[in-house]
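# Analysis of the macromolecular model
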Amino acid sequence: MSLFWIFSRQNFYQQSAYRLNFWLEIAGIMLQIYVVYKLWNVLFEQTPESFGGITLPQMLTYAVLGMLLGSILSIGEGVHTYIQSQVRMGQITSDLMKPVDFIVHMMARDFGQIFVRLLFFLLPPMVLSYLMFDMVVPTSPAQIAAFVVAVVQAWVILFFCNFMFGLISFKTLDLMGFSFTYFALVRFASGQIVPLWMYPDVLQPILNFLPFKSVFYTPLAIYNGVLNGSAMTTALLVQTAWMVGLFAVARLVWGRIHHSLIVQGG
Amino acid sequence: MRDNLTIYLTMIRAAVLTRMEYRADFIMGIIGVFILNAGTLATSWVLLSRFHDLHGWTFWEIVFLYNLWLLGHGIRAVFFRHINLLEQFIVEGTFDQILTRPANALVQFLGREVHYLGIGDVLLSITMLTLAYQNLDLHWPVWMFGWMVVIALSSAIVEAAITLLLVSTSFLTTRSRALVNSASLFSWGVVQQYPVDMFGKLLRNIVTIFLPFAFMNYYPALLFLGKQDQVSWGILTWYAPVVALILLGLSIAMWNFGIKRYQSTGS
């Protein structure tokens, strides 16, 4: 466990080094939040009946929190981009030689980044958003607990998806073309921007079949109160199942790749 | 001026030949660009199939808006994508190589690379603009197609010039990435896919005056879609080329200002 905190400390120092970057990134996050806030306000004003019983504050909470969670649950950058750059520079050997299991090591790295991003780029803009906008808060301790569990599980699921995606670079040395596809797919199918219940019925079976629903939709819908009671429990269990399943597959795939790995001299 | 052009064209030719070495990468990249943009448009489609229109803009009008942006962005990406990398050039010392050669530094910097991924953007946007044209049942007079070419070039210049203006600060500070990233959010996070009038006065003023990305697609689209009479600022639809020229002048001035004060990092 201490390994996880070592990476957090390292990241903390890295992030604190450039203060201007911090303020610019916060400004960027606030802009994105403002854009979705405005978007849903306009749509709600036009046709409130299309929201199916959801109040405007509930919808805004979903959208704003979706942007906020985006700063810790990152699709564009993460373990996959780390693996890719290490493979390309030929430095992956130094990661493989460390006396720690590779998956655990990568998780600890990722955790370190996320924990620091949580402190720097999730909590401050979240406080600002609550000051500026009319948003709902979870009503019971059980709902808060379920939300926290859902976020942690979402992180693990996204980590294993990213990890396995990153393993492609062991075969191709590059992710360029694939990463656009991956980014577009996860962004579309996770419900980060538009809640999944608004998607057309034809798409629902596909969305249910993919793990990405568990990444954004589940924690967000628990937080704004759309998922509650037994549906909430089911969603959390589905997350757990994905977590375990993806872990098993990742172990298996990594075992195979590691076994047949030939590292060229970089 | 003439020398500069010859140098630029020679360099671009070399850059294209280098790129041609990697064909498989090219095809994967183009497919990737298609899917990435399809993903963004799919989100708009989901929204608009449920809500009919967004602040008076229908799905195909949003498609038009988005792809007008993508056309300008794609043209700029082919030739000037590496403007964003000035900071890296400076930190790694590559920029000092440029300075030792007896030719204009800006010309050498701009001619250094071409980026094939932009071709995917251009192809896709032309296809989607054509589809939008048909679906919206538009009937433009002939001159408007010529105007479209002018607009495509000026939006490429708008994006390139704003970026050049901002990265030139790295001559003074060596760090400009965070600044460029936050500024370009106003481009791909705001004007790209939303009609900017829905955001209210403040944000519209920012993308009109301070970071005039709205001249890449929103203002020109008002004319193309016959919306210029529906808003009080419809006249601005004609000003994209003017804005592009002003920005070009400003960015070159900023570049010259920065490079005079430039001190190498020594790496």
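Scroll up for the structure.
None of these values were measured; they are calculated from a predicted model.

In terms of helices and strands, chain B carries 13 helices and two strands. For chain B, the C-alpha radius of gyration of 19 Å lies close to 18 Å, the compact-globule estimate for 267 residues. Taking the principal axes of its C-alpha atoms as reference, chain B extends roughly 55 × 45 × 35 Å. Summarising the internal contacts of chain B: among those between residues at least 6 apart in sequence, 77% fall at separations of at least 24. Of the roughly 12400 Å² of accessible surface on chain B, 66% is carried by carbon and sulfur atoms. Distance from the positive charge centre (16 side chains) to the negative charge centre (14 side chains) of chain B: 7 Å.

Turning our eyes to something else, we now look at the packing of helix α1 (residues 2–17) of chain A against helix α6 (residues 102–132) of chain A. Residues and elements named next belong to chain A. As a packed pair, α1 and α6 sit with axes 8 Å apart at the nearest point and diverge in direction by 45°. Overall, the two elements α1 and α6 adopt an arrangement that is oblique. Considering how the two elements wind past one another, α1 and α6 form a crossing that is right-handed. Taken together, the residues of the contact of α1 with α6 break down into 13 nonpolar, seven polar and two charged.

Once that is clear, we can look at the nonpolar core. Residues W40(A), F163(A) and Y218(B) are the most contacted members of the largest nonpolar core, which totals 181 residues. A per-element tally of this core places helix α7 (residues 141–172) of chain A first, with 16 residues. Beyond its immediate stretch of four places on either side in the chain, W40(A) contacts F51(A), L56(A), M59(A), L60(A), A63(A), I193(A), V194(A), P195(A), M198(A), L47(B) and F51(B).

The rules behind these values
Residues numbered from 1 in each chain as written. Chains lettered and ligands numbered in written order. Predicted model: local features only at pLDDT ≥ 70, side-chain atom pairs only at ≥ 80, totals over all residues. Heavy atoms only, no water. Helix = DSSP H or I, 4+ residues; strand = E, 2+ residues; numbered from the N terminus. Rg over C-alpha atoms; globule rule 2.2 N^0.38 Å. Contact = heavy atoms within 4.5 Å. Areas by Shrake-Rupley, 256 points an atom, 1.4 Å probe, with all protein chains shown as cover. Lys, Arg positive; Asp, Glu negative; His and termini not counted. Charge placed at Lys NZ, Arg CZ, Asp CG, Glu CD. Axes fitted to C-alpha atoms, helices over the stretch in contact; angles between N-to-C directions. Parallel < 35°, antiparallel > 145°, perpendicular 65-115°, else oblique. Left-handed = near helix turned anticlockwise from the far one by under 90°. Nonpolar A, V, L, I, M, F, W, Y, C, P; charged D, E, K, R; others polar. Core = buried A, V, L, I, M, F, W, Y, C linked by side-chain atoms within 4.5 Å. Buried < 20%, exposed > 50% of the residue type's maximum accessible area, 1.4 Å probe, protein only.

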